[in-house]
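Structural characterization, general
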Amino acid sequence: MQLADFKILSFDCYGTLIDWETGITEALRPLLARSGKALGRDQVLETFARLEAAQEAETPSMIYSELLAVVHTRMAKEWATEPIAEESEAFGHSVPNWPAFADSPEALQYLKQHYKLVILSNVDRESFKASNARLQVDFDYIFTAQDVGSYKPNLRNFKYMIQRLGEAGHHRHEILHTAESLFHDHAPANQIGLASAWIHRRHAQTGFGATHPPGNMPKYDFRFGSMKEMAEAHRATLHTKR
């Protein structure tokens, strides 16, 4: 199996293309300061990961910006701090401020020359617009949790994407699902029969950060430390074929 065997790259966005851990950490600074808790970055992110996954399962049809506001309120209560509605709402609307990984735009622009590019993300369309602008590429298809009415790792999201791509003449075996999250993406990709590429952004760190732990380790077909590495691997594959 080689990268060039596929025609479509479907992407998780946050954690893979957008540096959501930096964005989340920055947006939570006011709450953390008010709480007086001496928590490290990963402790903050792990609390977010646990509460976000629980909220997505509890309220699958809730718009992501609203869901983030609820998660913020739950974090405040867990840290024995009085929630402030305006602060929670600001956190809910912080997604447009989350930065792209430095290598994402150039890698996507290169890969766009060789693949159809697809977004399959736990986000709402309005929040994604600013992220899309940061990524500086036109995706061929964008599928969000708002479109599906559920959040990954629910298989509904993957079935929705496969169906929509099938209606456009694209087959499951042509898709390589590309993501950082083992929990949200690789585990369900295994279940639904999609090949996958792990963009292991946290390869130099321990733990899972803002992503809920996957339980059993999913399998994956490719592993890269960044989008830059993935683009370079594709270039190498083309040179080998010459």
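Anyway, here's the lowdown on the structure attached to this text. Bear in mind the structure is a predicted one, so any value in this text is a computation, not a measurement.

If you tally the helices and strands in the protein chain, you get eleven helices and six strands. Taken against the 2.2 N^0.38 rule, which gives 18 Å for 242 residues, the C-alpha radius of gyration of the protein chain at 18 Å falls within 12% of a compact globule. Dimensions of the protein chain, computed from C-alpha atoms along their principal axes, come out at roughly 60 × 35 × 35 Å. Taking all 242 residues of the protein chain together, the buried fraction comes to 52%. Within the protein chain, residue pairs in contact and separated by at least 24 positions form 71% of the contacts whose partners lie at least 6 positions apart. Working note: accessible area of the protein chain is about 10700 Å², and carbon and sulfur atoms make up 50% of it.

Examined bridge by bridge, strand β2 (residues 116-121) and strand β3 (residues 141-144) share four bridges and lie parallel to one another. Paired with Ile119 across the two strands is Ile142, which belongs to β3. Of the crossover connections in this fold, the one passing from β2 over helix α7 (residues 125-135) to the parallel β3 is right-handed.

Turning our attention to the pairing of strand β1 (residues 8-11). Across the two faces of β1 the burial is the same, with Ile8 and Ser10 and Leu9 and Phe11 all buried. Here β1 runs beside β2; their pairing, made up of four bridges, is parallel. Of the residues in β2, the one forming a bridge with Ser10 is Val118. Judged from the four bridges that link them, β1 and strand β4 (residues 175-179) form a sheet pairing that is parallel. When the sheet's bridge partners are listed, Leu9 is paired in β4 with Leu176.

Moving on to the environment of Ala168. Secondary-structure assignment places Ala168 in the loop between α9 (155-167) and β4. For Ala168, a relative accessible area of 37% gives the class partly exposed. Distance in space between the C-alpha atoms of Ala168 and Leu67 is 31 Å, their sequence separation being 101 residues.

The final tally for this structure, using the stated rule, is eleven aromatic pairs. Ring centres of Trp20 and Phe48 lie 5.8 Å apart, and the angle between their planes is 85 degrees; this geometry places the pair in the edge-to-face category. Residue Trp20 is found in helix α1 (residues 20-27), and its partner Phe48 is found in helix α3 (residues 41-58); the two are separated by 28 residues along the sequence. Phe48 matches Trp20 in its accessibility class, with the two residues each being buried. Aromatic pair Trp198 and Tyr220: ring centres 5.1 Å apart, planes at 55 degrees, arrangement tilted. Pair noted here: Trp198 is in strand β5 (residues 195-199) and Tyr220 is in the loop between β5 and β6 (222-224), with a separation of 22 residues, a long-range link. Aromatic rings pair up to connect Tyr14, Trp20, Phe48, Phe91 and Trp98 into one cluster. A cation over an aromatic ring shows up here: Arg201 above the ring of Phe101, its NZ or CZ 3.9 Å from the ring centre.

This next bit is on the nonpolar core. If you look at the biggest cluster of nonpolar residues, it comprises 51 residues, and the most contacted ones within it are Phe11, Phe48, Tyr64, Phe139 and Met230. When residues in this core are grouped by element, the largest group, six residues, is from helix α4 (residues 64-78). Not counting residues up to four positions away in its chain, the partners in contact with Phe48 are Trp20, Ile24, Tyr64, Leu68, Val71, Met75, Phe91 and Ala210. Counting twelve residues, the second-largest nonpolar core is a separate cluster that includes Ile8, Leu165, Ile192 and Leu194.

The next subject is the packing of α9 against helix α10 (residues 182-192). For the pair α9 and α10, the least separation of the axes is 9 Å and the interaxial angle reads 65 degrees. Classified by chirality, the crossing of α10 by α9 is right-handed. Along its contact with α9, which presents Leu155, Phe158, Lys159 and Ile162, the element α10 presents His184, Asp185, Pro188, Gln191 and Ile192.

This paragraph deals with the sheet that holds β3. Two orientations exist for strands paired in a sheet by backbone hydrogen bonds: parallel and antiparallel. On the basis of which strands lie adjacent, the open sheet formed by six strands has the order β3-β2-β1-β4-β5-β6 and parallel pairing. Only two strands of the sheet have a single partner each, and these edge strands are β3 and β6. When strand polarity is set aside, the average angle formed by the axes of neighbouring strands in this sheet is 20 degrees. Seen against the sheet, α10 touches β4 and β5 and runs at an angle of roughly 155 degrees to β5.

Conventions adopted
Residues numbered from 1 in each chain as written. Predicted model: local features only at pLDDT ≥ 70, side-chain atom pairs only at ≥ 80, totals over all residues. Heavy atoms only, no water. Helix = DSSP H or I, 4+ residues; strand = E, 2+ residues; numbered from the N terminus. Rg over C-alpha atoms; globule rule 2.2 N^0.38 Å. Buried < 20%, exposed > 50% of the residue type's maximum accessible area, 1.4 Å probe, protein only. Contact = heavy atoms within 4.5 Å. Areas by Shrake-Rupley, 256 points an atom, 1.4 Å probe, with all protein chains shown as cover. Pairing = 2+ DSSP bridges. Right-handed = clockwise from strand over helix to strand, strands pointing away. Phe/Tyr/Trp six-rings, centres within 6.5 Å; stacked < 30°, edge-to-face > 60°. Lys NZ or Arg CZ within 6 Å of the ring centre and 35° of its normal. Core = buried A, V, L, I, M, F, W, Y, C linked by side-chain atoms within 4.5 Å. Axes fitted to C-alpha atoms, helices over the stretch in contact; angles between N-to-C directions. Left-handed = near helix turned anticlockwise from the far one by under 90°.

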